[in-house]
Amino acid sequence: TTSVQVNISTRHGNLSSETQEKITDKVDKLRRLFDRVNAIQVTVDLEHRESPSLELCVSVEHADDFVATESSGSVMAALDGAIHKLEQQLRKYKDKRRDRRSQGLGRVEPPVAPEPEET
């Protein structure tokens with residue numbers, strides 16, 4: 001498997017390298033969920049220390065970026081929340097793609113003629 005670049009940036013403070021490693025480990029799981037992930041960007045905002053906010057942005061081949069934001073009592077809790085939201089987005093996207101593929105593109109159902117109204 002190719003390694004996906006995980007970028008972690010911080011506003012209004014710094015994260016320990018230990019925390020950054022934990023974040024990298026956790027977001028790495030998103031890659032296992034979806035193989036077309038190209039890059040993962042995590043932005044942690046520590047302006048409000050009691051409720052840090054975190055933005056998770058995942059770049060996927062042939063799709064718009066998926067973004068989830070979460071604020072929580074700790075950076076890791078915010079990360080868990082953001083990952084959860086992102087997993088849901090990715091699953092939905094995967095299901096949509098699978099559905100579209102199984103319908104066979106180009107085969108459009110003819111519109112159903114409306115029933116003639118009785119007068």
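Scroll up to find the structure this text is about.
So, here's what we can say about the structure. Since we're looking at a predicted model, the values are computed, not measured.

Definitions and cut-offs
Residues numbered from 1 in each chain as written. Predicted model: local features only at pLDDT ≥ 70, side-chain atom pairs only at ≥ 80, totals over all residues. Heavy atoms only, no water. Helix = DSSP H or I, 4+ residues; strand = E, 2+ residues; numbered from the N terminus. Buried < 20%, exposed > 50% of the residue type's maximum accessible area, 1.4 Å probe, protein only. Contact = heavy atoms within 4.5 Å. Areas by Shrake-Rupley, 256 points an atom, 1.4 Å probe, with all protein chains shown as cover. Pairing = 2+ DSSP bridges. Axes fitted to C-alpha atoms, helices over the stretch in contact; angles between N-to-C directions.

1. Description of the overall build of the protein
Link 1 in the chain: Scanning the protein from terminus to terminus reveals two helices and four strands.
Link 2 in the chain: Secondary structure elements of the protein, listed N to C terminal, follow the sequence β-α-β-β-β-α.
Link 3 in the chain: Looking at the 119 residues of the protein, the share that counts as buried comes to 29%.
Link 4 in the chain: Long-range contacts, defined as pairs at least 24 residues apart, comprise 51% of the intrachain contacts of the protein with a sequence gap of at least 6.
Link 5 in the chain: On the protein, roughly 8,400 Å² of surface is accessible, and the fraction owed to carbon and sulfur atoms is 45%.

2. A closer look at the sheet that holds strand β2 (residues 37-45)
Link 1 in the chain: Across the sheet, which stays open at both edges, the four strands sit in the order β1-β2-β3-β4 with mixed pairing between neighbours. A single partner strand is all that each edge strand has here, and the edge strands are β1 (5-11) and β4 (66-71). Sheet twist, expressed as the mean angle between neighbouring strand axes with direction ignored, is 15°.
Link 2 in the chain: Pairing geometry for strand β3 (residues 53-60) and β4, over six bridges, is antiparallel. Note that in β4 the partner of Glu55 across the bridge is Thr69.

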